[in-house]
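Letter by letter, the chains look like this.
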Amino acid sequence: MKRLFAVLLALLAGCGVQVEPPTTGQLLDAPTSLNVTGQVIRAEAAPVISGSLFNVQVRVRTPRTLASGLRVTDVYVVTDSGVWSADVDSADQRRCGAGCTVAVGRGVADGVTAGEGVQVVARLVDAQGRTFLLRDGQVQVK
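Just so we're clear, the structure is a prediction, and the values are computed from it rather than from any experiment.

Here's the deal with the environment of Asn55
Part 1: Counting through the fold element by element, Asn55 comes out in strand 3 (residues 53-61).
Part 2: By relative accessible area, Asn55 is classed as partly exposed at 29%.
Part 3: Note: C-alpha distance between Asn55 and Arg106 (51 residues apart in sequence) is 4.6 Å.
Part 4: With residues up to four places along the chain from it excluded, the contact list for Asn55 reads Ala46, Pro47, Val48, Gly105 and Arg106.

Written out as structure tokens, the structure is:
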């Protein structure tokens, strides 16, 4: 029984494996479109500061065949002063029609300023557990 318990604990511990955050270079090198199984995926970001809070909405447009298995797990914003990041859980995602998902990363602005030009990158995970980085072009914080 003890052996079974140890095996179960090891399996459960493996489920919570954290993925390393990407480097600034990896974020800036992320593509602005992905071709996954012949299907093109794009992202559009809308970063907004309200007081000291920063909300980054990312709309990911996918072909219908990929939409059901693709989710956003993290949002990164590359600024002049560094990288801002936020986890995105299932409560912060919703469908916006066939082939469209909206995800929101939220947190304290921490060095991000209104009017600043930034690069927004989303980390995506597909139904097979593969991860991708997808970048919107240069956007301005509102």
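A few points about the state of the cysteines
Part 1: Within the structure shown, the criterion is met by one disulfide.
Part 2: Shown here is the disulfide that connects Cys96 with Cys100, its sulfur atoms set 1.8 Å apart. Taking the sign of the S-S torsion, -80° for the link of Cys96 and Cys100, the bridge is left-handed.
Part 3: The class for Cys96 is partly exposed, based on a relative accessible area of 25%.

Points about the packing of aromatic side chains
A ring pair, where both rings are aromatic, is described by two values, the distance of the centres and the angle of the planes.
Part 1: In this structure the tally under the stated criterion is one aromatic pair.
Part 2: Taking 4.7 Å as the distance between ring centres and 75° as the angle between the ring planes, the aromatic pair formed by Phe54 and Trp84 counts as edge-to-face. Of the two residues, Phe54 sits in strand 3 while Trp84 sits in strand 5 (residues 82-87), which places them 30 residues apart along the sequence.

Side note on the side chain of Asp126
Part 1: Note on placement: Asp126 falls in the loop between strand 8 (117-125) and strand 9 (131-135).
Part 2: Here Asp126 falls in the buried class, since its relative accessible area comes to 9%.
Part 3: In this structure the side chain of Asp126 is engaged in a polar contact, spanning 3.0 Å, whose partner is the backbone nitrogen of Gln128.
Part 4: At 2.5 Å, the side chain of Asp126 and the side chain of Arg130 are in polar contact.
Part 5: Look past the residues within four positions of Asp126 in its chain and what remains in contact with it is Gly69, Leu70 and Phe132.

Focus: the pattern of salt bridges
Part 1: A complete count under the given rule lists four salt bridges for this structure.
Part 2: Among the ionic pairs, Glu44 bridges to Arg61, the shortest N-O distance being 3.2 Å. Of this pair, Glu44 sits in strand 2 (residues 39-50) while Arg61 is found in strand 3, placing the two residues 17 residues apart along the sequence.
Part 3: Take Arg61: its relative accessible area is 40%, and that puts it in the partly exposed class.

Conventions we followed
Residues numbered from 1 in each chain as written. Predicted model: local features only at pLDDT ≥ 70, side-chain atom pairs only at ≥ 80, totals over all residues. Heavy atoms only, no water. Helix = DSSP H or I, 4+ residues; strand = E, 2+ residues; numbered from the N terminus. Buried < 20%, exposed > 50% of the residue type's maximum accessible area, 1.4 Å probe, protein only. Contact = heavy atoms within 4.5 Å. Disulfide = S-S within 2.5 Å. Phe/Tyr/Trp six-rings, centres within 6.5 Å; stacked < 30°, edge-to-face > 60°. Polar contact = N/O pair within 3.5 Å; in protein donor to acceptor, adjacent residues only side chain to side chain. Salt bridge = Lys/Arg side-chain N within 4 Å of Asp/Glu carboxyl O.

Everything listed here is a matter of geometry and, on its own, says nothing about what the molecule does.
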